[in-house]
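Residue-level structure breakdown
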Amino acid sequence: MTVDLIHGGAIDAMRAAYPNAPEPWIDMSTGINPWPYEELSVSDVALTHLPTQTAYAACRNAMATTIRANADALILAPGSELLIRLLPDIIKPQRVAILAPTYGDHAEVWTRAGAEVIRSHDPLTLAASVDAIVITHPNNPDGRTFSLDALHEARQTLAARKGWLIIDEAYADLTPSDSFSPHGGEEGLIVLRSFGKFFGLAGVRLGGLLAPQAVREAFSDRLGVWPVSGMALAIGERAYADLEWQTKTRAKLKTAAQQLDDMLTSQGLKVVGGTDLYRLVEVHDAPRLFERLAKAGIYVRRFAWSHKHLRLGLPPSLEAEARLKSLLSLSK
C-alpha cells in the first residue's frame, strides 16, 4: 500500500513520488476547510506556561456550548485520531461492527486489537449481536447519515448488553442538527469530535470525547495532566465561541461544494456523495485519473477498496478550480 492510500495530506510524499509535477501543488486530498479560521493570535502566557485548568475549562465549555453537549460529559484531547487509537485500550469488545466503507483507521485499530471486525453497510441492525458499533456521522467518504431515532434505538440495545455505540462526528460541525453530541454521557455511547476539519486548523490538534464517567476517567488517566497545548486551548475557545463565523462558513462551504459538483458533472464525473467539505465521485478508472492529476500537481484521495472512486476536497481558489477543470477536460 502506497503512502497516499493511508491518509490524505501527505503532500511531502507526493512531491517525492512526482518530482516533475508543476508547483504549486493543489492539495485536495483532505476534507479540511481550505478557508480556515483566522483569529489565531495567542498570549505569551499560552505559549510559555503550562496549560492551566482554567484555560482547559474555558475551551471545553465553549466547545460544549457550540455542539449543544453537557460540558461535564466532555473531555479534550490533542485531536480525535489519538482517541480512536486509544479506544481499544479503554473498552474491549470482542465483536465490532463498522460502517463500510468509512474512515479506514477504525477497522485498523480494532483489527490490531484482536477484535472480530464486521464491515457492514447497515451496522445499526447488528446492535443485538455485536459488542460495539462504529460509525462516522456524517460518513467519510460518502456523507451518509442515519436518523437520530435509529441511533437512539441502537444505543439502547447496545447499552442493555453492556455494549457501545461509537460515533465519530469529525464532520458534524457542517450539519449540527444531525449531531448526537447532545446525548453525550449516556450509557453505551461514545462520541468523538474533531476541531481541525471544519475550522480548517488541523495542525492545532484539538478534539473531544463525550462518554460516561468511567470511560472519561480512563481516557484522562492516559492523556495526562496537560493533554492539550495552551495554544490549542486559546484558539479553540475563541473559534467555538464565534458563532457568526461558523454560520457564514457553513453557507460558504455549501456554495463551494455545489460549485464543485457542477464543475465535476460538467466534465463527465459522477458525484455519488460527500459532505460540504469533500465530494465522492465515481469514475471508470480511478487509479489512472489519480495518476494523471498527480503528475499535474493535483492531489486527490483514492482508496484501496475501490478502483472506481476518488474523493476531492474543495479547491482553495478559483485558480485551483480552473486548473482542475482543465486537467479533467483533457481526460474526457
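Everything discussed here concerns the structure shown above.
Everything quoted here is computed from the prediction, not taken from an experiment.

On the basis of which strands lie adjacent, the open sheet formed by four strands has the order E9-E10-E13-E12 and antiparallel pairing. Two strands in the sheet have a free side with no partner beyond their single neighbour: strand E9 (270-275) and strand E12 (301-303). On average, each strand axis in the sheet is tilted by 25° relative to the strand beside it, whichever way the strands run. Sheet analysis places E9 next to strand E10 (residues 278-282), joined by five bridges and oriented antiparallel. Across the sheet, the residue bridging to Lys-270 is Glu-282, located in E10. Contacts between helix H10 (residues 243-266) and the sheet are confined to E9, E10 and strand E13 (306-313), with E10 contributing the most and set at about 20° to the helix. Packed on one face of the sheet, helix H11 (residues 286-295) meets E12 and E13 and runs near 40° to E13.

A separate point is helix H8 (residues 213-223). By the burial criterion, the buried members of H8 are Val-215, Arg-216, Ala-218, Phe-219 and Leu-223. Angularly, the buried residues of H8 cover 165° about the axis, an arc narrow enough to put them on a single face. Away from the buried face of H8 by more than 90 degrees, exposed residues Gln-213, Ala-214 and Asp-221 are located. Residues of H8 that are buried in the fold lie against strand E2 (74-77), helix H4 (80-90), strand E6 (164-169), strand E7 (189-194) and strand E8 (207-210). Just downstream of H8 lies Gly-224, where phi reads positive at about 90°.

Any two aromatic rings considered together are summarised by their centre-to-centre distance and by the angle between their planes. Summed over the entire model, instances satisfying the criterion amount to 11 aromatic pairs. Each ring, one from Tyr-18 and one from Trp-25, has its centre 6.5 Å from the other, and the planes form 55°; the classification is tilted. Summarising the burial analysis for this pair, Tyr-18 and Trp-25 share the class buried. Taking 5.4 Å as the distance between ring centres and 10° as the angle between the ring planes, the aromatic pair formed by Phe-199 and Trp-245 counts as stacked. On the criterion of sequence distance, the pair formed by Phe-199 in helix H7 (residues 196-199) and Trp-245 in helix H10 is long-range, its members being 46 residues apart.

So, about the side chain of Asn-33. With respect to the helices and strands, the residue Asn-33 is situated in the loop between strand E1 (26-27) and helix H2 (44-48). A polar atom in the side chain of Asn-33 sits 3.0 Å from the backbone oxygen of Phe-198. In this structure Asn-33 touches Lys-197, Phe-198, Gly-200, Trp-245, Thr-249, Leu-253 and Leu-277, once residues within four positions along its chain are discounted.

In this section: the sheet that holds strand E3 (residues 95-99). What the seven strands build is an open sheet, ordered E2-E8-E7-E6-E5-E3-E4; its pairing is mixed. Two strands close off the open sheet at either side, each with one partner strand: E2 and strand E4 (116-120). Taking each pair of neighbouring strands and ignoring which way they run, the sheet shows an average axis angle of 20°. In this structure, E3 lies alongside E4, joined through five bridges in parallel fashion. Paired with Leu-99 across the two strands is Ser-120, which belongs to E4. Across the sheet, helix H3 (residues 53-67) touches E2, E7 and E8, and the angle it forms with E2 is around 115°.

A separate point is the packing of H4 against H8. The geometry of H4 relative to H8 is characterised by a closest axis approach of 11 Å and an angle of 115° between their N-to-C directions. Overall, the two elements H4 and H8 adopt an arrangement that is roughly perpendicular. Crossing angle aside, the handedness with which H4 passes H8 is right-handed. Contact residues: H4 offers Leu-82, Leu-83, Leu-86, Leu-87, Asp-89 and Ile-90, while H8 offers Val-215, Ala-218, Phe-219, Arg-222 and Leu-223.

Criteria and cut-off values
Residues numbered from 1 in each chain as written. Predicted model: local features only at pLDDT ≥ 70, side-chain atom pairs only at ≥ 80, totals over all residues. Heavy atoms only, no water. Pairing = 2+ DSSP bridges. Helix = DSSP H or I, 4+ residues; strand = E, 2+ residues; numbered from the N terminus. Axes fitted to C-alpha atoms, helices over the stretch in contact; angles between N-to-C directions. Contact = heavy atoms within 4.5 Å. Buried < 20%, exposed > 50% of the residue type's maximum accessible area, 1.4 Å probe, protein only. Arc of directions from axis to C-beta. Phe/Tyr/Trp six-rings, centres within 6.5 Å; stacked < 30°, edge-to-face > 60°. Polar contact = N/O pair within 3.5 Å; in protein donor to acceptor, adjacent residues only side chain to side chain. Parallel < 35°, antiparallel > 145°, perpendicular 65-115°, else oblique. Left-handed = near helix turned anticlockwise from the far one by under 90°.

These results come straight from atomic positions and should not be treated as a statement about function.
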